[in-house]
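Fold and geometry: a report
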Amino acid sequence: NAGVTQTPKFRILKIGQSMTLQCTQDMNHNYMYWYRQDPGMGLKLIYYSVGAGITDKGEVPNGYNVSRSTTEDFPLRLELAAPSQTSVYFCASSYSSGPLRNQPQHFGDGTRLSIL
Amino acid sequence: GQQLNQSPQSMFIQEGEDVSMNCTSSSIFNTWLWYKQEPGEGPVLLIALYKAGELTSNGRLTAQFGITRKDSFLNISASIPSDVGIYFCAGQPRWDSNSGYALNFGKGTSLLVTP
């Protein structure tokens, strides 16, 4: 049972570099999300997707981009890394069949990113 | 997204003690979730609550969805050392086809249990 898989687990970037955080899920979930977690804080939503080809901004989208070309994959891209983007990034997915009930989100183990 | 008010921020207890933590919001939520996070891992779902007043148990854990739909609590009975971790509450607002069911999280309760 793979669930939600994130790669890499750790990464150090220099200011101005770019990188893509990978996320894939094998549960056929239609909804996917990216959160960031800063020390002592809860998770904050960066971007989300309700299905392949559809993405939308969350609470803290600046400095990030996403794409959703397939149901399984939802990569997060940092174009010009800045120290403020040092954080732990979590990808999550869930299934929704309509308004009656959305299944809870399942999380990956995170990518720990440091920008120096 | 709204930051939920979760308390206490941290707890340091002895094995065998009961634990209680709660979460409040100024907004109504349709779903309350409780997650546990251990070092180096992502949040793991403990309990999901879908109806106001709902009381749900998962082993030694019990959680309730407040009647006002603006609060929830989590109790852990007879704590053991493996209960150590950070517990997060999360509220999910009303369904909206464009909202993506994004969760609003509390800041977490850090639980330490001594043998």
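Residues numbered from 1 in each chain as written. Chains lettered and ligands numbered in written order. Predicted model: local features only at pLDDT ≥ 70, side-chain atom pairs only at ≥ 80, totals over all residues. Heavy atoms only, no water.

Some remarks on the overall build of chain A
Put simply, the rule reads: Only runs of H or I of at least four residues qualify as helices and only runs of E of at least two qualify as strands under DSSP, and these elements are numbered from the N terminus. This radius of gyration counts C-alpha atoms alone. The globule rule is 2.2 Å times how many residues there are, raised to the power 0.38. Each residue's exposure class comes from its accessible area (1.4 Å probe, protein chains only) as a fraction of the maximum for that residue type: buried when under 20%, exposed when over 50%, partly exposed otherwise.
Assigned secondary structure in chain A consists of zero helices and 11 strands. Going from N to C terminus, chain A has its helices and strands arranged as β-β-β-β-β-β-β-β-β-β-β. Its C-alpha atoms give chain A a radius of gyration of 14 Å, within 12% of the compact-globule value 13 Å for 116 residues. Counting only C-alpha atoms, chain A reaches 45 × 25 × 25 Å along its principal axes. By residue count, 47% of the 116 residues in chain A fall in the buried class.

Structural notes on the sheet that holds strand 3 (residues 19–24) of chain B
All names here are of chain B. For clarity, the cut-off: Strand pairing is defined by DSSP finding a minimum of two bridges between the two strands. Under this scheme, a helix contributes an axis fitted over its contacting stretch, all axes are lines through C-alpha atoms, and angles between N-to-C directions fall in the 0 to 180 degree range.
The strand order 1-3-8-7-6 describes an open sheet built from five strands, whose pairing is antiparallel. On the outer flanks of this sheet lie strand 1 (5–7) and strand 6 (55–58), each paired with one strand and no other. The average angle at which neighbouring strand axes cross in this sheet is 15 degrees, direction not considered.

Comments concerning the sheet that holds strand 3 (residues 19–25) of chain A
The strands that make up a sheet pair up through hydrogen bonds in the backbone, lying either parallel or antiparallel. Residues and elements named next belong to chain A. The four strands are arranged 1-3-8-7 in an open sheet whose pairing can be described as antiparallel. Either end of the sheet is taken by a strand with one partner, and the two such strands are strand 1 (4–7) and strand 7 (64–66). Going across the sheet, the axis of each strand differs from the next one's by a mean of 20 degrees, ignoring polarity. As paired strands, strand 1 and strand 3 are joined by four bridges and run antiparallel to one another. Among the inter-strand pairings, Thr-5 is bridged to a residue of strand 3, identified as Thr-24.

That is the geometry; function is a separate question.
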